[in-house]
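# Notes for the structure review
The lines below spell out each chain.
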Amino acid sequence: MRQELPHIIPSPQPEVEATFSGYQTTHEFYYEVQQRLEFQRYCEWYDAEAKYHRQELKKMRGELNIFRWFLRRF
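In short, a report on the structure. As the structure is a computational prediction, the values presented were derived from the model and not from experiment. (Residues numbered from 1 in each chain as written. Predicted model: local features only at pLDDT ≥ 70, side-chain atom pairs only at ≥ 80, totals over all residues. Heavy atoms only, no water.)

## Some points on the overall build of the chain
For the chain, the count of helices and strands is 3 helices and 0 strands. Put simply, the chain has 74 residues, and 0% of those count as buried. Carbon and sulfur atoms make up 60% of the accessible area of the chain, which amounts to about 8000 Å² in all. (Helix = DSSP H or I, 4+ residues; strand = E, 2+ residues; numbered from the N terminus. Buried < 20%, exposed > 50% of the residue type's maximum accessible area, 1.4 Å probe, protein only. Areas by Shrake-Rupley, 256 points an atom, 1.4 Å probe, with all protein chains shown as cover.)

## Section: the pattern of salt bridges
Inspection of the entire model under this criterion finds 2 salt bridges. Where Glu32 meets Arg36, a salt bridge forms, and the shortest distance between an N and an O atom there is 2.8 Å. One end of the pair is Glu32 and the other is Arg36, both in helix 2 (residues 14-62) and 4 residues apart, which spans about a single turn. Its relative accessible area of 56% is what places Arg36 among the exposed residues. (Salt bridge = Lys/Arg side-chain N within 4 Å of Asp/Glu carboxyl O.)

## Some thoughts on a nonpolar patch on the surface
Residues Leu64, Ile66, Phe67, Trp69, Phe70 and Leu71 make up a contiguous nonpolar surface patch of roughly 690 Å² in combined accessible area. With respect to the helices and strands, the residue Leu64 is situated in the loop between helix 2 and helix 3 (66-72). Its relative accessible area of 61% is what places Leu64 among the exposed residues. (Patch = residues over 30% accessible without salt bridge, like charges linked within 9 Å, V, L, I, M, F, W, Y side chains within 5 Å.)

## Observations concerning the packing of aromatic side chains
One pass over the full model with this rule turns up 5 aromatic pairs. When the centroid spacing of 5.4 Å and the interplanar angle of 75 degrees are considered together, the rings of Phe29 and Tyr30 count as edge-to-face. An angle of 40 degrees between the planes, with centres 6.0 Å apart, marks the rings of Tyr42 and Tyr46 as tilted. Taken together, the residues Tyr42 and Tyr46, both in helix 2 and 4 residues apart, mark about one turn of the helix. Look at Tyr42 and you get partly exposed, because its relative accessible area is 45%. These aromatic residues form a ring-pair network of at least three members: Tyr42, Trp45 and Tyr46. (Phe/Tyr/Trp six-rings, centres within 6.5 Å; stacked < 30°, edge-to-face > 60°.)

Structure, rendered in structure tokens:
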């Protein structure tokens, strides 16, 4: 049985390892690019949301505070 094993599982050849190494490097590079783009999109979204909320807060501070009227009666 052990004599048949080399025929069933061939040993990896150097050009296969080099090809796989290139593939792995390329895959990791594109994964990193994708992660950075997603993070950049998230940062842009977060910045837009923060800007929107700051505008809303500024608008709310300029409005009449009706709740204060109820607090004065107590």
